[in-house]
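# Report on the structure
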Amino acid sequence: MVDVPDMYVDAVRDERDALWRLVDEAKGLAKAGDLAGMRSLAEEVRRRLGAGDSLERTGGHLGSNVGDISAALDDVYDEAFPVRRPDDPADVLDAPWPTVRRTAVLASAVDHVGWPTPPLEPLAERAIAANDVRLLRLLVLTPLGRAGRDTVVRVLDALHAAGALDVEVIEQAFADDEYLGRALGGTSRTDGAVTSAPATCAAVVRDYFDELAWRLTSPPEPNWDDLPEVLVPRGLRFILRALDRPHDRRMADRFGPAELTEDERSALVEHLRDRTAEERRYAFELRLPAGDAEVLLPVLGLSGAAPLLRLVRATATTEVARQERAAILAAARQAGDDGTRRLLELCPSELIAAALGWNRAAVEKRVKHNALSGIAAFGLLPLADGETVLDRYLALREVAKRGPKLGPNRRHSHTAAVAVALDHLAQVAGFPDAGRLEWDCEARIAAEPPGDWHVGDYTVGVRLCDADPVVAVSKAGRMLKSVPAAVRNDPRYPHTREHQERLRDQARRMRTGMIERLVAAGGTLTPDELLRLRRLPSGQAMLPALIWQDRSGTVGLLDQIDLDGPVTAAHPHLLYERRLLAHWQAEIVRRRIRQPVKQAFRELYLLTPAERDAVDVSRRFAGHTVDGKVAAQLLSGRGWSTHRQYHEHQATRPVTAGITAALACELHGYLGAGDAVVGELRFLAADSVVPLAEVPPVAFSEVMRDLDLVVSVAGTESHGYASPPHAVSRAQLLATLIDDLGLARVTVDGTSAVVRGYRATYRVHLNSGSIHVEPGSHLCVVPASFGGTAHRSLFLPFADEDRMTSVILSKVLLLNEDEKITDPTILAQLDRGAQLS
């Protein structure tokens, strides 16, 4: 025996002995010419090999130790059931045992090479088209080949249409696939919902299933192992059987949601009128998954609780969703206090109880553990004594900060739960929506400063430096560079620091949240929205630094456009289309405006010729290997959801209403489990692929920007990855600085900067930062510190952290003044280069 642990050796040996006895029996039947007996025996062998108890006893090691037994059976069955007409699919399939020789003939018939088992789909198509009843039956009854679930249902439909669908075929179909019901359509037993249009054979199959379910669960003991999954039985008799066995949980799960007609529902209500309270409650529990438990409320004394039950059922989902607080309170009033409590005992709802303020301690505990429904419920809790709306808002903001520490997909659901909680809090506080609540609270943060205070000769307060709040300490009118110990030890100082951190958090939320989204999407603000945002210190500091377009099409800064109508944050694609990009890049640098996010110098991605030729697929980043964990974190932070390897696409992100970006990757398990190879990118709308030329250009550019970042940062190739758009963006910025600073020695040549220094001429690659010395183009190796500190003349017109741009452009500016270089390592290389030239 092969690789069998000691604990299973005896069991495997016993099973092999039993199977050898069946081989001997098969030989005897063959000698006697008893083909019917051989068919029955083949079924017994297959059952024995696949039986759950056998697999359990042998630890799953039997299958790898029956090769000799299978070979012996092959010899017996090939002789008794020879393939007489290899070109006739029915003759090939009409055998009780899948011998190697017969399987090879089938593989040839369907033009299939190698593993796995030959597919039956080609034969099914032929049989359905020809209405070949014999072949249709054999496609289900044969032990050879494999057919997908949908194919089997199509075969059953064809047999039903021909009037040839019988119990033998249905039994075999379920014996091969106990979850076949998923492809039959109709009702799902998990929630009673209609999942799809039923197959035409569904009624006949369900008649068979109903009788089978009744027979298998009849006394003395139910046989659940042979009952197919998924399908829901029909009829009141199943409910009554479940009521008679209140301790059989499986009976409750399978028969409790049985389908009932209106007459049967009425009969169930009448049946329960003279039953015990316990039986009535159990019947209510059984009917909850079916969705019609509401009809039983009167027999429970809860006639007025129907609206509340509907709300309770609406919250019974794994997805966190917004609830209408007013509807909950109205339904609770209709049910009455006692009725509401009794209903929530029967079917608990964390969200409903939270809206009524009945489970505060439990909700707060679940929030600490990042439970999604608990977070949503936290927003619904009535304000406690002494608690303000701002207190709850800030608490939810603290909860939101935990999101980035969670897994890639979980951070999305965490963010969504906080958003729902804020919406719930808006309802509690009487705001029309979460946006109004958010900016009212943000305004309160800014409007309630602790004020300046004095300790000794020092004056202390919070001041804004651009959009960054700082604790400012002055003495005799002179600002100090650090905070003295006397100020730090004052009991008022922690309150000042707390206010500073609140303003800092507000600025961070404004920059990385709303402003980044505005620029990335080319978003629009109404005059009222703009006015509210400019009342915030961070908004007043950041919004004037952006480029806008007003309703007349004028492009400019806030003080240059019409603010009486809506204004749109100008995406660089808009500036590019209107041939204003270079102008505004120069203007932003000339004015020394530090934009809160990249806008004028934001990387812009246009369709390439290859993408236009491919029509609906982009392979721009295909073939690059990335660290899956880093890639998942980067994508998740930009709104992408990641999926496992068997999903059609491994990362998706909604980009506009109705359009989703979908990226395929080659990976094992899931993105984050190891390295992944980036594949093709498509844009989907419903079930169709959107041509790339029809994707809104701003959305296309932003998706490509996401993927470029992933390949640049998470790439694992030893030679690295050079991003053309990053190099172009740096070239644009350098060209603008050259004009602004009057750098006569520096020019831009494609993706390189050419510096004609005093000692030599240099070519600096704007992607890698590598330096080559002309002539001869030999590499100049510089210390890691060279360019590490931003050059005094360097101005980056954006607040986004971009160290690589800072280092590369600082190198250019340092080489522009190479007569001031004193580093001996660099000087030695320049001297050697001069000698070589």
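So, how was this worked out
Residues numbered from 1 in each chain as written. Predicted model: local features only at pLDDT ≥ 70, side-chain atom pairs only at ≥ 80, totals over all residues. Heavy atoms only, no water. Helix = DSSP H or I, 4+ residues; strand = E, 2+ residues; numbered from the N terminus. Polar contact = N/O pair within 3.5 Å; in protein donor to acceptor, adjacent residues only side chain to side chain. Contact = heavy atoms within 4.5 Å. Expected span 1.5 Å × (residues − 1). Phe/Tyr/Trp six-rings, centres within 6.5 Å; stacked < 30°, edge-to-face > 60°. Buried < 20%, exposed > 50% of the residue type's maximum accessible area, 1.4 Å probe, protein only. Axes fitted to C-alpha atoms, helices over the stretch in contact; angles between N-to-C directions. Parallel < 35°, antiparallel > 145°, perpendicular 65-115°, else oblique. Left-handed = near helix turned anticlockwise from the far one by under 90°. 1 Å grid on protein atoms, 1.4 Å probe; cavity = no way out; pocket = protein on both sides within 12 Å on 5 of 7 lines; lining within 4 Å. Points joined across faces, edges and corners; volume = space filled by probe spheres on them. Nonpolar A, V, L, I, M, F, W, Y, C, P; charged D, E, K, R; others polar.

### Examining the side chain of Arg392
Note that Arg392 resides in helix H22 (residues 389-400). One polar contact links the side chain of Arg392 to the main-chain carbonyl oxygen of Pro382, over a distance of 3.1 Å. Not counting chain neighbours up to four residues away, the residues in contact with Arg392 comprise Arg360, Phe378, Gly379, Leu381, Pro382, Leu383, Glu387 and Leu425.

### Describing helix H9 (residues 149-161)
Given a rise of 1.5 Å per residue, 13 residues ought to cover 18 Å, and the 19 Å separating the end C-alpha atoms of H9 matches this to within 8%. Positive backbone phi, at 70°, marks Gly163, one or two positions downstream of H9.

### Thoughts on the packing of aromatic side chains
Aromatic ring pairs: the centre-centre distance and the angle between the two ring planes describe each pair. Going through the model one piece at a time under the given rule, you end up with seven aromatic pairs. Relative to Tyr208, the ring of Phe174 has its centre 6.2 Å away and its plane inclined at 20°; by these criteria the two rings are stacked. Residue Phe174 is located in helix H10 (residues 167-176), and its partner Tyr208 is located in helix H12 (residues 202-216); the two are separated by 34 residues in the primary sequence. Neither Phe174 nor Tyr208 differs from the other in exposure class; each is buried. Arranged with centres 4.9 Å apart and planes meeting at 70°, the rings of Phe238 and Phe255 form a pair that is edge-to-face. Of this pair, Phe238 sits in helix H13 (residues 236-244) while Phe255 sits in helix H14 (residues 249-255), placing them 17 residues apart in sequence.

### Some details on the packing of helix H7 (residues 121-130) against H9
At a minimum axis distance of 10 Å, the contact between H7 and H9 shows a crossing angle of 20°. Taken together, the axes of H7 and H9 are roughly parallel relative to one another. H9 is crossed by H7, and the crossing has left-handed handedness. In this structure, H7 contributes Glu121, Ala124, Glu125 and Ile128 to the contact, and H9 contributes Thr151, Arg154, Val155 and Ala158.

### Details of the layout of surface pockets
When its volume is computed, the second largest pocket comes out at roughly 1600 Å³. The wall of the second largest pocket is formed by 50 residues, among which Arg47, Glu171, Gln172, Ala175 and Asp176 lie closest to the centre. Mapped by element, the contributors of at least two residues to the lining of the second largest pocket are helix H2 (35-50), helix H3 (52-58), helix H8 (133-141), H9, H10 and H12. Here the element with the most residues in the lining of the second largest pocket is H2; it accounts for eight residues. By residue class, the composition of the lining of the second largest pocket is 22 nonpolar, seven polar and 21 charged.

### A few points about unusual backbone geometry
For the peptide bond that leads from Pro219 to Pro220, omega is 10°, which places it in the cis range. With respect to the element layout, Pro220 can be found in the loop between H12 and H13. Its identity as a non-glycine residue notwithstanding, Ala476 has a phi of 55°, on the positive side. With respect to the helices and strands, Ala476 occurs in the loop between strand E5 (468-475) and strand E6 (478-479).

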